Amino acid sequence: MREEMSRRELAELRRTQQKPRSPSGWGLFLALWYLAFYRPVITESHLRRKNMEFLFIRFSAWQYAGCDKLWAGLVTTLCDSVRHHFGALPLSVYHVMGARPRFASGFSQKEWVLKTGTCLRLGGLLLILAAGLAVLLVALLVPGLKDHRVLKVVGSAVASLSGSSLVLGIFSVLKNLVVSEKKKIERLTNSDRFASQLGFMSKVRSEVEVLVDFLAFMEIFERRRLRVVLEITSLDVCYPEKVAGVLNAINTLLSDANTPFIFILAVDPSVIVPCLEQTSCMKGLADNGYLYLNRTVTLPFSIPAMGARSRLRCLEAAVQTREDLMYRIITGNVERRRAKCQGAPEAPSRHQADAEAVRCIHEAFRCLHDGADPLSRYLPANAAHLRRIVNTIPVTLRLLLHRASGAGTPAPRAAAAWVVLANQWPCRLSWVLQCLEDSWQSQPAADLGTRTLWSIFQENVGELSALQKPLHNVLSLDEDPELFQTFLATDFPFTAHDARAFLGVTVNLDHSIRHKMGLLRGLDRLQ
């Protein structure tokens, strides 16, 4: 993501010849000036900007597992990280004087509009303060008017009223500077009346909305898009109620269409799903945790089984953490530096690889849009499922191209069909893959490459029917069984060889389903 951020920054600089701004150094004074006296406007040119800055936030749920409301820890971490990144002063000034960005009317390219009302009020207060001070000074210093009490009272009253308004504004900024959003939410959660506090969620929501508006303001000031990336880990070691609370908080933060948040949820579904099914949040979803996850996650990425090379890399990384072997890291760095100085051969052009990937992705999407192509008949009617397919196809094709390494370019249409198959019938496809894996393990010398997946499914469908009760929730994820037969038997007769090629890049299939099937199948055979 950082590489993509740098690439977009350079491309936008070449396109517009405008450097992005930063709220640090002299840029801080400029940001405060705009915060106080200008309203940001979202123009067409701003919407065309492609450069982007990612603000990465790590949230370990285990660190907050002891608190009553784990989701409150998520929100406070978000607020505190944004405050730390941009500084406390700009956010405090925005709380008091900031204005929400509004969309431009017509084709205006003016990104800042003077806040006339604020300027008039401030100018009026300063004018009244100056007048009051002048009257007070005249009453105190002019010899003939020293005993004139009325002028003293009027001057002091006018100066006090106008000055108190300015002091009140400065006090509000200082208060927000000292009392952060994190402290406000923690104060609410620590209250004895927390459980019965009316409007608690609305207060938290209002703090988040101010944060979102502030990020939109900083987008226009910095001349680039801003995205807050929250990486959530260790959620699968928390209690079920807290797991559901964090997922509900994620859905709440993502409820706005223009929200600047990206959540990376690193969890084990085989642990999370039972946690969700034990809580009350599953009411209305037939107590099926898989359905809840499918409606929450818009880009699933199930990490495949670790290969031999990956295991060796992990072993090497583990060995290098030993203090008595740290010299190997230093030696490796010296060797890399020496190779760089001597001029190592360049890797294949990344631009060419990216162009080939874009070509394959466009071809795959053309197949989905082609009404004459049989693949279009299997697309889901659900918008969320359709978005999952659209998000997954580019990832799958890029992984296929990366793994191909000169052995031939995979067919984009076949890759798109495989993604649709994994999305529409995850249970049946997992069953076929598990049967294939068991056959490969029990008969390594057997040639299964030419056998179709449909023939393997027909051969083992009786065993799947016997396990229908323990697999009820997983089976409910599948779409029409007759369409599954038409898909594999007629339109896309994938073979065992195809399954082996696609298995390593199948990121939209929950591999915990297959592992559960393998366990149930082994127990059934023992009986």
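Shown above is the structure to which this text applies.
Keep in mind the model is a prediction, meaning the values are calculated, not measured. (Residues numbered from 1 in each chain as written. Predicted model: local features only at pLDDT ≥ 70, side-chain atom pairs only at ≥ 80, totals over all residues. Heavy atoms only, no water.)

1. A few points about the environment of Leu477
1) Next: In this fold, Leu477 is placed in the loop between α20 (472–475) and α21 (481–491).
2) Next: Residue classification places Leu477 among the buried residues on the basis of a relative accessible area of 9%.
3) Next: Remark: the alpha-carbon pair of Leu477 and Gln424, spanning 53 residues in sequence, is separated by 7.8 Å.
4) Next: Contacts of Leu477, omitting those with residues within four sequence positions, involve Asn288, Tyr290, Leu291, Asn294, Gln424, Pro426 and Ile513. (Helix = DSSP H or I, 4+ residues; strand = E, 2+ residues; numbered from the N terminus. Buried < 20%, exposed > 50% of the residue type's maximum accessible area, 1.4 Å probe, protein only. Contact = heavy atoms within 4.5 Å.)

2. A short note on unusual backbone geometry
1) Next: The phi angle at Arg223 is positive, at roughly 60°, despite the residue not being glycine.
2) Next: For Arg223, a relative accessible area of 22% puts it in the partly exposed group.
3) Next: Not every positive phi belongs to a glycine, and Ser234 is a case in point at roughly 60°.
4) Next: Positionally, Ser234 belongs in the loop between β5 (225–233) and α10 (240–253).

3. So, the side chain of His385
1) Next: As for its position among the elements, His385 is in helix α16 (residues 383–404).
2) Next: With residues near it in sequence (within four places) discarded, His385 still touches Asn294, Pro380 and Asn423.

4. Topic: α21
1) Next: Those residues of α21 that fall on the buried side of the exposure criterion are Phe484, Phe487, Leu488 and Asp491. An end-on view of α21 places all buried positions within 125° of arc, on one side of the element. Exposed side chains of α21 directed beyond 90 degrees from the buried face belong to Glu482 and Thr490.
2) Next: Each element contacted by the buried residues of α21 is listed here: α17 (412–424), α18 (426–442) and α19 (453–466).
3) Next: Put simply, Asp480 is the residue that caps the front of α21, since its side-chain oxygen is 3.0 Å from the backbone nitrogen of Glu482. (Arc of directions from axis to C-beta. Polar contact = N/O pair within 3.5 Å; in protein donor to acceptor, adjacent residues only side chain to side chain.)

5. Remarks on the pairing of β5
1) Next: Among the 9 residues of β5, 7 are classified as buried, and the element is accordingly described as predominantly covered.
2) Next: Relative to β5, strand β2 (residues 52–60) runs parallel, the two being bridged by 9 bridges. Each residue of the ladder has a partner; that of Phe56, found in β5, is Val229.
3) Next: Direction of pairing for β5 relative to strand β6 (residues 261–265): parallel, over a ladder of 5 bridges. Paired with Val228 across the two strands is Phe261, which belongs to β6.
4) Next: For the segment spanning β5, α10 and β6, crossover handedness is right-handed. (Pairing = 2+ DSSP bridges. Right-handed = clockwise from strand over helix to strand, strands pointing away.)

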